[in-house]
Amino acid sequence: MLRNYKVLLLLVVLGSLAFGIHGCGRISPTAPEVEELTTPSMAPAESGLPAGVLWPKMVVDNPTVFVEAQIFSDTKNIVDLQLPGKHQKFIIRKHAIEQDTTITIAITKYAYWDEQLGQHCYVAEFDFGPDGLEFRKRAKLVLDSSWLGLQKGQQAVLRYYNEDTGLWEEVTSKKVKKGKAVNFYIEHFSKYAIS
């Protein structure tokens, strides 16, 4: 019984504080009309960020690597990304595409200064073609975490570039394990970045 009384008392105190901080006049029916309170915003919330915010003052760390490969629909395809390290490949599973096709991948690695960490970090940009190619079964991008300068316990984040908004939107993130590759799954071709 005493416990229920304490919970009720805590809720009353928190409610009073919230009312005091926010003020009741703003929600009163007699309060003057304030447009931002009565009219919902029609602009959608931005879910991504521009490159300059995510990776300030990027500079090219390595020249762009261009990879071209013939992909067959009736077999598992492993594409060597031609990058330093032993875990650098792109895997397209059997029957993941409708018909045989040629794919291209342009890979550019950039360096940037991370203020929070107080060190240089890296971002790798992958421009996959043909643009918009969709997979029935997700393709897997396998990268050596040391190539991206990622340490054990850090998060590797996969983002895709939304051409309509000009923003990089987060798809997923993975925690880096010591000496392990980082695996990301891709459902369609677009421009992606990992940092």
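The structure we're discussing is the one just above.
Criteria and thresholds
Residues numbered from 1 in each chain as written. Predicted model: local features only at pLDDT ≥ 70, side-chain atom pairs only at ≥ 80, totals over all residues. Heavy atoms only, no water. Helix = DSSP H or I, 4+ residues; strand = E, 2+ residues; numbered from the N terminus. Buried < 20%, exposed > 50% of the residue type's maximum accessible area, 1.4 Å probe, protein only. Contact = heavy atoms within 4.5 Å. Pairing = 2+ DSSP bridges. Core = buried A, V, L, I, M, F, W, Y, C linked by side-chain atoms within 4.5 Å. Salt bridge = Lys/Arg side-chain N within 4 Å of Asp/Glu carboxyl O. Phe/Tyr/Trp six-rings, centres within 6.5 Å; stacked < 30°, edge-to-face > 60°. Lys NZ or Arg CZ within 6 Å of the ring centre and 35° of its normal.

A. Expanded view of the overall build of the chain. Each helix and strand in the chain was counted, giving three helices and eleven strands. Secondary structure elements of the chain, listed N to C terminal, follow the sequence α-α-β-α-β-β-β-β-β-β-β-β-β-β. Looking at the 195 residues of the chain, the share that counts as buried comes to 34%. The contacts of the chain with a sequence gap of at least 6 include a subset with a gap of at least 24, amounting to 66%.

B. Representation of the pairing of strand β4 (residues 89–92). Judged from the four bridges that link them, strand β3 (residues 77–80) and β4 form a sheet pairing that is antiparallel. Among the inter-strand pairings, Asp80 is bridged to a residue of β4, identified as Lys89. Bridging between β4 and strand β7 (residues 134–144) involves three bridges; their strand directions are antiparallel. Along β7, the bridge assignment pairs Lys89 with Val142.

C. View of the nonpolar core. Counting residues in each nonpolar core, the largest one holds 34 residues, and the members touching the most others are Phe90, Ile103 and Phe126. Contributions of two or more residues to this core are made by β2 (59–71), β4, β5 (101–114), β6 (119–129), β7, β8 (155–162), β10 (181–188) and β11 (191–194).

D. Main features of unusual backbone geometry. The omega torsion of the bond from Gly129 to Pro130 falls at 5°, within 30 degrees of zero and hence cis. Summarising the element assignment, Pro130 is placed in the loop between β6 and β7. One non-glycine residue, Gln82, lies in the positive phi region at around 55°. Among the structural elements, Gln82 can be located in the loop between β3 and β4.

E. Geometry of the sheet that holds β6. If you trace the seven strands from one edge of the open sheet to the other, you get β1-β9-β8-β11-β6-β5-β2, paired in antiparallel fashion. One side of each edge strand has no neighbouring strand; the edge strands of this open sheet are β1 (48–49) and β2.

F. Broad picture of the pattern of salt bridges. All told, the structure shown has one salt bridge when counted by the stated rule. Salt-bridge contacts for Asp61 lead to Lys109; the nearest nitrogen and oxygen are separated by 3.7 Å. Remark: Lys109 occurs in strand β5 and Asp61 occurs in strand β2; sequence separation between them is 48 residues. Of the residues examined, Asp61 reaches a relative accessible area of 32% and is grouped as partly exposed. Judged by relative accessible area, which is 8%, Lys109 ranks as buried.

G. How the structure looks around the packing of aromatic side chains. Applying the stated criterion across every chain yields a total of nine aromatic pairs. For the ring pair Phe90 and Phe189, a centre distance of 5.9 Å and an interplane angle of 40° mean the geometry is tilted. Highlighted residues: Phe90 in strand β4 and Phe189 in the loop between β10 and β11, separated in sequence by 99 residues. Like Phe189, Phe90 is buried. Seen from the ring of Tyr122, Lys109 lies directly overhead, with NZ or CZ sitting 4.4 Å from the centre. The side chain of Lys191 reaches across the aromatic face of Tyr161, ending 5.5 Å from its centre.

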